[in-house]
Amino acid sequence: MQLNAEHVETISVHAFEPHPENFAQLRRNIELNGWRVRATQTALAGRSGERSLHNSSRADSAYLVDTGGDFRVSAVSLSEYLEGCGVVDLLKLDVEGAEYELFTNAYEAITSSVRRIVLEYHGAWGCPDVRALLDRVAHDFDTDVVWRRRENGVLLLTNRRRG
């Protein structure tokens, strides 16, 4: 799917970023580029509520944890968010490991409303989490590997019901 200048007025972009420093940078980029983006300082997760975020050595790869963590952030479940969106043409997910929680808790919402997903997965190609994710989507999505490395990769999932 290619977006050209004529699409600018017809698309809606929603961005979620829980990390305060990354969110501030996101806002600066939106303003500098004049983008029409609805930015929300919250995590996109499998369940809503207050969650713990762990800072890794790089701020751009902070991730949700069930216990501990470096600070608390608000989270919105993907299911709840999709309820008000209608049909979503493209969902880009880079949620630093929360993709497994999203696909477990929001799978019905995803399959009923999302046409295409660009998904960064975390974990080795053959690890149980990645295999379970691929098995889960096999009946509903065509899956193309965009790229993969030893510990992560990107998939393009095209919904057979909505594609």
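Now for a quick tour of the structure. (Residues numbered from 1 in each chain as written. Predicted model: local features only at pLDDT ≥ 70, side-chain atom pairs only at ≥ 80, totals over all residues. Heavy atoms only, no water.)

## Describing the sheet that holds strand S7 (residues 88–93)
Piece 1. Taken in spatial order, the four strands line up as S7-S8-S10-S9 in an open sheet, and their pairing is mixed. Either end of the sheet is taken by a strand with one partner, and the two such strands are S7 and strand S9 (141–148). Here the strands of the sheet are splayed against their neighbours by 15° on average, with no regard to which way each runs.
Piece 2. Sheet topology note: the S9/strand S10 (residues 152–159) ladder contains seven bridges and is antiparallel. Each residue of the ladder has a partner; that of phenylalanine 141, found in S10, is asparagine 159. (Pairing = 2+ DSSP bridges. Helix = DSSP H or I, 4+ residues; strand = E, 2+ residues; numbered from the N terminus. Axes fitted to C-alpha atoms, helices over the stretch in contact; angles between N-to-C directions.)

## Re the packing of aromatic side chains
In this description, a pair of aromatic rings is defined by centroid distance and the angle of the planes.
Piece 1. Under the criterion given, the structure shown has four aromatic pairs.
Piece 2. Arranged with centres 6.4 Å apart and planes meeting at 70°, the rings of tyrosine 107 and phenylalanine 141 form a pair that is edge-to-face. Of this pair, tyrosine 107 sits in helix H4 (residues 107–113) while phenylalanine 141 sits in strand S9, placing them 34 residues apart in sequence. The exposure classification of tyrosine 107 matches that of phenylalanine 141, with both residues buried.
Piece 3. By the ring-pair criterion, three or more aromatic residues cluster together here, those being Phe103, Tyr107 and Phe141.
Piece 4. Residue placement shows arginine 136 over the ring face of tyrosine 107; its charged tip is 4.1 Å from the ring centre.
Piece 5. Here the basic side chain of arginine 149 rests over the ring of tryptophan 147, its NZ or CZ set 4.3 Å away from the ring centre. (Phe/Tyr/Trp six-rings, centres within 6.5 Å; stacked < 30°, edge-to-face > 60°. Buried < 20%, exposed > 50% of the residue type's maximum accessible area, 1.4 Å probe, protein only. Lys NZ or Arg CZ within 6 Å of the ring centre and 35° of its normal.)

## Here we look at the side chain of histidine 122
Piece 1. Tracing the chain through its elements places histidine 122 in strand S8 (residues 114–122).
Piece 2. Among the residues examined, histidine 122 registers a relative accessible area of 18% and is labelled buried.
Piece 3. Here glycine 97 takes part through its backbone nitrogen, which lies 3.3 Å from a polar atom of the side chain of histidine 122.
Piece 4. Side-chain polar atoms of histidine 122 contact the side chain of glutamate 120, separated by 3.3 Å.
Piece 5. When near neighbours in sequence (up to four residues on either side) are disregarded, histidine 122 contacts Asp94, Glu96, Gly97, Glu99, Tyr100, Val130, Glu151 and Asn152. (Polar contact = N/O pair within 3.5 Å; in protein donor to acceptor, adjacent residues only side chain to side chain. Contact = heavy atoms within 4.5 Å.)

## So, the environment of histidine 54
Piece 1. Among the structural elements, histidine 54 can be located in strand S4 (residues 49–54).
Piece 2. Sequence separation of histidine 54 and glycine 68 is 14 residues, and the distance between their C-alpha atoms is 7.7 Å.
Piece 3. Side-chain polar atoms of histidine 54 contact the side chain of aspartate 70, separated by 3.4 Å.

Limitation: the analysis is restricted to geometry and does not speak to function.
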